Amino acid sequence: MTRRKLGILISGRGSNMASLVEAARAEDCPYEVALVASDKPEAPGLAWADTQGIATFAQSPKGMPKAEYEARIDAALREAGVEAIALAGYMRLLSDDFVHAWRGRIVNIHPSLLPKYKGLDTHQRALDAGDALAGCSVHIVTEELDGGELLGQVEVPVLPGDTADSLATRVLAEEHRLYPRVVAEWLNR
């Protein structure tokens, strides 16, 4: 089996990136992680990826035009032979040009049951609305924020006394199970 080369973009600790890396160790996984890239050179996830022997790339966008920053990330991904991209806590909006260049080859994990609560503060918004269920979604990235085709979701019950942090912790545990499975299915289709 020829494994597809996956690039992962992160901005922080990279826990979803780590779940993808761990899943890639299985012989029947359809992807290998070819590069972990970040907009934050100090991101803890980069150091973890490095300890796992995975190539890393970091470029701070500070002081440069967005197009130049994205051109550098794009060049690093292409140089690594990346065929598909997984966003894993990457906290920058991608430009329409970048999304267009990778059309249909970028996925994202989002901590809500899309189409509900696109953007930030999803757990608090679910609590404020009195929702009985929260969860996470994996979707194709398009020019519309958190608006592409849904590839998978997991519901997480909202418990009495939940805070945004307690709900986020339970949702993140489900993200770690959902993302590797959905990425594998997506790359096999």
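Reading guide: rules and limits
- Residues numbered from 1 in each chain as written.
- Predicted model: local features only at pLDDT ≥ 70, side-chain atom pairs only at ≥ 80, totals over all residues.
- Heavy atoms only, no water.
- Phe/Tyr/Trp six-rings, centres within 6.5 Å; stacked < 30°, edge-to-face > 60°.
- Lys NZ or Arg CZ within 6 Å of the ring centre and 35° of its normal.
- Helix = DSSP H or I, 4+ residues; strand = E, 2+ residues; numbered from the N terminus.
- Expected span 1.5 Å × (residues − 1).
- Bend = angle between axes of the 7 residues up to and from the residue.
- Buried < 20%, exposed > 50% of the residue type's maximum accessible area, 1.4 Å probe, protein only.
- Core = buried A, V, L, I, M, F, W, Y, C linked by side-chain atoms within 4.5 Å.
- Contact = heavy atoms within 4.5 Å.
- Polar contact = N/O pair within 3.5 Å; in protein donor to acceptor, adjacent residues only side chain to side chain.

To continue, consider the packing of aromatic side chains. Applying the stated criterion across every chain yields a total of one aromatic pair. The positively charged end of Arg-78 is found above the aromatic ring belonging to Trp-102, 4.4 Å away from the centroid. Here Arg-92 stacks its cationic end above the ring of Tyr-69, 5.2 Å away from the centre of that ring.

Here we take up helix 6 (residues 164-188). The first and last C-alpha atoms of helix 6 sit 35 Å apart over 25 residues, in line with the 36 Å expected at 1.5 Å per residue. Its axis deflected by about 25° at Glu-175, helix 6 carries its strongest bend there. Along helix 6, the residues that are buried comprise Leu-167, Val-171, Leu-172, Glu-175, Leu-178, Tyr-179, Pro-180, Val-182, Val-183, Ala-184, Trp-186 and Leu-187.

What follows covers the nonpolar core. General note: in soluble globular proteins, nonpolar side chains tend to be found buried as a group. In this structure, Ile-8, Tyr-31, Val-36, Tyr-179 and Val-183 are the most contacted members of the largest nonpolar core, which totals 36 residues. In terms of residue count, helix 6 provides more of this core than any other element does, nine residues in total. Beyond its immediate chain neighbours, meaning those up to four positions away, Val-36 contacts Ile-8, Ile-10, Met-17, Leu-46, Ala-49, Ile-54, Ala-55, Thr-56 and Phe-57. Core analysis: the next-biggest nonpolar cluster, separate from the first, contains 19 residues, Leu-35, Ala-37, Tyr-69 and Ala-76 among them.

Turning next to the side chain of Asp-74. Summarising the element assignment, Asp-74 is placed in helix 3 (residues 66-79). We classify Asp-74 as buried; its relative accessible area is 18%. Within the local environment of Asp-74, its side chain forms a polar contact with the side chain of Arg-78, the two groups lying 2.9 Å apart. With residues up to four places along the chain from it excluded, the contact list for Asp-74 reads Phe-98 and Trp-102.

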